[in-house]
Amino acid sequence: MAILEVKEVSLLVNSTGILNGLTMEFWEGYVHAVVGPNGAGKSTLANVIMGLPDYRHHSGDILFEGKSIKHLNVDERARLGITLGWQEPARFEGLKVSQFILASARDKNKDEVDRVLELVGLEPVRYRNRAVDKTLSGGERKRIELASILAMKPRLVMLDEPDSGVDIEAIERIFEAIAHLKKEGTTVLLITHSPRVLEKADHAFLICSGMLVDKGETGKILEYFSGKCLPCPHKNVPDLNSGAKAGGTNA
Amino acid sequence: MPDQAVEEILESINLHRSFDRGAPHVVINANKVLSSQVVPGLVIEPEELPDGVRARLLVRQGTKIKQPVHLCFGMLPETGIQKILLEVEIEDEAEVSFMAHCTFPNAVDIQHLMEAEIRVGRNARYSYFERHWHSDQGVVRVVPVARVKLAEGARFSTEFELLKGRVGIIDIDYHTDCQAGSSAEMKARIFGRQDDRIKIKESASLDGQGSRAVLITHIAVRDEATAEINNEIIARAPYSRGHVDCKEIIQGNGVARAVPIVEVRHPKAHVTHEAAIGSVDSKQLQTLMARGLSEEQAVDLIIEGLLS
């Protein structure tokens, strides 16, 4: 059953089509991946689903559990259980890790902070009183953001490039956290151009120039993506007019 | 009456249950010294004036006072002027930390004026944390002025906090002269609301080799409040280092102005500054809203972090 449906979604930015009539279904409890080259529209799709302010002027519709969420703000979508982990998580000067996690936690107690920090492989005693600021490495902030998502217990989580800027140990912990989310019944949407992240998905979509090129089992998309899409002639040049040709070329 | 006044002052700063009267302290209401306690090596000599108190605070050479010394400056009447004239001397190798609590629980029209002369001796350490407790009426005018001299290797830190209640008008003017190997850190955290007026001028002169200074100002203003920050570091000596950091969040019709001045007069000195003024960072806001916080809750949390 689809928990999220993207229906004919198009988004123009400065007269350029970033998303061009995307239609996709994300099944509940699955780990989905959206892959494609740089500039394909992957992060834009996540931002549109999250309802970020600069991404609300799209056409088409987005349904969550069968109901349109197009009119809802970011926080309203989040309260339905939709959330997003950024490729480059924000820094919060002065805000403690425990405050940051508790802000999103369903269970607002110290034990919950410790639980989710342990799930992402960070020692609570070392991290709970640190600030979510520049004193943390990119990998640490990424894991703390994931901890806050785990505390939120979302229905659908989108993780934008979950392996970017993190070391080998950290990425393993992030993969474990993704597995934990799946085990808890959360639908996961991985935004990536990394084959090793794609391998963690049950199902994948390949997009290019804001258009759906293919979808299916992860192995099929992985083979297609690594064999035919790289190098992609449309990298960083999403263009509405060349969209059809892009699909044709890659196919 | 003094005991009742002490209780009222302590209650207004939430210390009435936990305050240890055996710990080193001074409690002042308007121009009356209500209570004081010293420990070996600490000298407190207060003198009542018609409109305030003059006090000499001395920490003798080599004395290391482990407990913080509480200074409670209260003004229980509704109106009036309270002048606090402080002469502070921390002798060589001594260490002390002061926790100052300034409270005006019944204020209708109050002026709290402080002038401090502070000398910190060779390799001595002095820290001063000042927390203000104001009402929600915005009827207090606070004007603290401090002149600080640091001897070789001295360490000085001061922090001013005014987060609860209305600021009213505040006009801070602190200056520190730093000799070789000494360090100064001055920090202010203030939340202005309605028509509060905040003015801060902190400066440091790095006169000795290897001296250091950091000036940090974190301000939030909302409604019609204004803030003007003029922080300055002048580096005159080799290997002196300085940094000016000013962050201000504005909301509503709040206005913030920051003028960081850095002046370097020696080729082996180095001073940096950063200033960020504006609305709440959109990525921070979106992150918290994507976890289910409303915009108002997210803004409050971001400001709480900045001012912590």
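No experiment lies behind these values; they were computed from the predicted model shown. (Residues numbered from 1 in each chain as written. Chains lettered and ligands numbered in written order. Predicted model: local features only at pLDDT ≥ 70, side-chain atom pairs only at ≥ 80, totals over all residues. Heavy atoms only, no water.)

Some thoughts on the overall build of chain A
Selection criterion: Starting at the N terminus, helices and strands are each numbered in turn, a helix being any DSSP run of H or I of at least four residues and a strand any DSSP run of E of at least two. We compute the radius of gyration from the C-alpha atoms alone; for a globule the expected value is 2.2 Å times N to the 0.38, where N is the number of residues. Only protein chains enter the accessibility calculation, which uses a 1.4 Å probe. A residue is then buried if its area is under 20% of the maximum for its type, exposed if over 50%, and partly exposed in between. A contact between two residues is defined here by any heavy atoms of the two lying within 4.5 Å. In this description, accessible areas are obtained by the Shrake-Rupley approach with a 1.4 Å probe, and a residue is regarded as covered only by the protein chains that are shown. A residue counts as positive if it is Lys or Arg and as negative if it is Asp or Glu; His and the chain ends are not included. To locate a charge, take NZ of a lysine, CZ of an arginine, CG of an aspartate or CD of a glutamate.
Scanning chain A for helices and strands turns up ten helices and twelve strands. Computed over its C-alpha atoms, the radius of gyration of chain A comes to 18 Å, within 12% of the 18 Å expected for a compact globule of 251 residues. In terms of overall dimensions, chain A has a C-alpha envelope of 55 × 40 × 35 Å along the principal axes. Buried positions account for 56% of the 251 residues belonging to chain A. Long-range contacts, defined here as pairs at least 24 residues apart, represent 66% of the contacts in chain A between residues at least 6 apart. As displayed, chain A offers around 10500 Å² of accessible surface, 49% of which is attributable to carbon and sulfur atoms. Of the side-chain charges in chain A, 32 are positive and 34 negative, and the distance between the mean point of each set is 2 Å.

Quick look at the overall build of chain B
From N to C terminus, chain B includes three helices and 19 strands. For 308 residues, the compact-globule formula gives about 19 Å, and the C-alpha radius of gyration of chain B, at 20 Å, lands near that figure. Principal-axis analysis of the C-alpha atoms gives chain B an extent of 55 × 55 × 35 Å. Sorting the 308 residues of chain B into buried and exposed places 52% on the buried side. Contacts spanning at least 24 positions in sequence make up 77% of the contacts within chain B whose residues lie at least 6 apart. Accessible surface for chain B amounts to roughly 12900 Å². Of this, 46% is attributable to carbon and sulfur atoms.

Re helix α3 (residues 97–104) of chain A
Among the eight residues in α3(A), six count as buried, and that is most of the element. Within α3(A) the residues assigned to the buried category are V97(A), S98(A), F100(A), I101(A), A103(A) and S104(A).

Observations concerning the nonpolar core
Put simply, the rule is: Joining through side-chain atoms within 4.5 Å is the link that ties buried Ala, Val, Leu, Ile, Met, Phe, Trp, Tyr and Cys residues into a set, and such a set is a nonpolar core.
Core analysis: the biggest nonpolar cluster contains 95 residues, and M24(A), V34(A), I49(A), M50(A) and L117(A) have the highest contact counts within it. Setting aside chain neighbours within four positions, we find L117(A) in contact with V97(A), I101(A), L122(A), P124(A), Y127(A), R128(A), I144(A) and A147(A). In this structure, V69(B), F73(B), V140(B) and A188(B) belong to the second largest nonpolar core, which totals 69 residues.

Section: the confidence of the model for chain A
Residue and element names in this part refer to chain A. Threshold: The predictor attaches a confidence to each residue, called pLDDT, with possible values from 0 through 100.
On average, chain A scores 89 in pLDDT, and the residues at 70 or more come to 90%. Mean pLDDT across the elements of chain A bottoms out in helix α10 (residues 243–250) (37) and peaks in strand β6 (residues 82–85) (98). Note that pLDDT drops below 50 for residues 235–251; the model gives that stretch 34 contacts with residues more than four away or on any other chain.

Here we look at the pattern of salt bridges
Basically, it comes down to this: For this analysis, a salt bridge means a side-chain nitrogen from Lys or Arg found within 4 Å of a carboxyl oxygen belonging to Asp or Glu.
One pass over the structure, following the stated rule, counts 39 salt bridges over all chains. In this structure, the salt-bridge partner of E93(A) is K247(B), at a minimum N-O distance of 3.4 Å. Within this pair, whereas E93(A) is found in strand β7 (residues 92–96), its partner K247(B) is found in strand β17 (residues 241–250), the two belonging to separate chains. Residue E93(A) is classed as partly exposed on the basis of its relative accessible area, which comes to 30%. Given a relative accessible area of 14%, K247(B) falls into the buried group. Notably, a salt bridge pairs D202(A) with K182(A), separated by 3.2 Å at the nearest N-O pair. Taken as a pair, D202(A) in the loop between α8 (195–198) and β11 (203–208) and K182(A) in helix α7 (residues 168–183) lie far apart in primary sequence, 20 residues in all. D202(A) sits in the partly exposed class, given a relative accessible area of 30%.

Some thoughts on the interface of chain B and chain A
Convention followed: As a working definition, buried area equals the accessible area (1.4 Å probe) given up by two parts on being put together, with both sides summed. The term polar contact refers here to a pair of N or O atoms within 3.5 Å; inside protein, the definition further demands a hydrogen-donor-capable atom paired with an acceptor-capable atom, and it admits residues adjacent in sequence only when both atoms are side-chain atoms. Charged means Asp, Glu, Lys or Arg here, nonpolar means Ala, Val, Leu, Ile, Met, Phe, Trp, Tyr, Cys or Pro, and polar covers whatever is left, Gly included.
Taken together, the 22 residues of chain B in the interface contact 28 residues of chain A. Here chain B and chain A share an interface that buries about 1900 Å² over both sides, 59% of which is from carbon and sulfur atoms. Between the two partners, chain B and chain A, sit two salt bridges. In this assembly, chain B and chain A are joined by twelve residue pairs in polar contact (both at pLDDT 80 or more). Where the side of chain B that touches chain A is concerned, the elements lending two or more residues are β17, α2 (282–289) and α3 (295–306) of chain B. When its residues are assigned to classes, the side of chain B that touches chain A shows seven nonpolar, eight polar and seven charged.

A closer look at the pairing of strand β12 (residues 211–217) of chain A
Residue and element names in this part refer to chain A. Heads up, the condition is: Strands are labelled as partners when DSSP assigns at least two bridges between them.
Note that β11 and β12 share six bridges and pair antiparallel. Bridge pairing in β12 places A204 opposite G216. Counting the residues that bridge the hairpin from β11 to β12 gives two residues, and of these S209 lies at a positive phi of roughly 50 degrees.

Overview of the sheet that holds strand β9 (residues 156–160) of chain A
Residues and elements named next belong to chain A. Note the cut-off: In this analysis, axes come from line fits to C-alpha atoms, helices being fitted only over the stretch in contact, and the angle between any two N-to-C directions falls in the range 0 to 180 degrees.
Spatially, β6-β9-β10-β3-β11-β12 is the arrangement adopted by the six strands of the open sheet, whose pairing is mixed. What marks the edges here is a single partner per strand, and that holds for β6 and β12. Across the sheet, the mean angle separating the axes of adjacent strands is 20 degrees when strand polarity is ignored. As defined by bridge partners, strand β3 (residues 31–35) adjoins β11 across four bridges and the pair is classed as parallel. Of the residues in β11, the one forming a bridge with A33 is A204. Of the strands in this sheet, β3, β6, β9, β10 (187–192) and β11 touch helix α1 (residues 42–50), which is tilted by about 145 degrees from β6. Most of the contacts of α7 go to β10, to which it runs at about 150 degrees, and overall it touches β3, β9 and β10.

Digging into the packing of aromatic side chains
For clarity, the threshold we go by: Note on ring pairs: Phe, Tyr and Trp rings are taken, using the six-membered ring of Trp, and paired if centres are within 6.5 Å. Classes follow the plane angle, with under 30 degrees stacked, over 60 edge-to-face and the rest tilted. As a reminder, the over-ring test applies to NZ of lysine and CZ of arginine, requiring each to be within 6 Å of the ring centre and within 35 degrees of the ring normal.
Per the stated rule, a full pass over the model turns up seven aromatic pairs over all chains. With a centroid separation of 5.2 Å and an interplanar angle of 75 degrees, the aromatic rings of W27(A) and Y30(A) are classed as edge-to-face. On the basis of relative accessibility, which here comes to 30%, the residue W27(A) falls in the partly exposed class. The exposure class of Y30(A) is partly exposed, given its relative accessible area of 36%. Centre to centre, the rings of F98(B) and Y128(B) are 6.4 Å apart; their planes meet at 50 degrees, and the pair counts as tilted. Of the two residues, F98(B) is situated in strand β7 (residues 95–103) and Y128(B) in strand β9 (residues 125–133); the sequence distance between them amounts to 30 residues. Take Y128(B): its relative accessible area is 7%, and that puts it in the buried class. Aromatic ring contacts, followed pair by pair, group F98(B), Y126(B), Y128(B) and F156(B) into a single cluster. Across the ring face of F191(B), the terminal group of R193(B) is positioned such that the distance to the ring centre comes to 4.0 Å.

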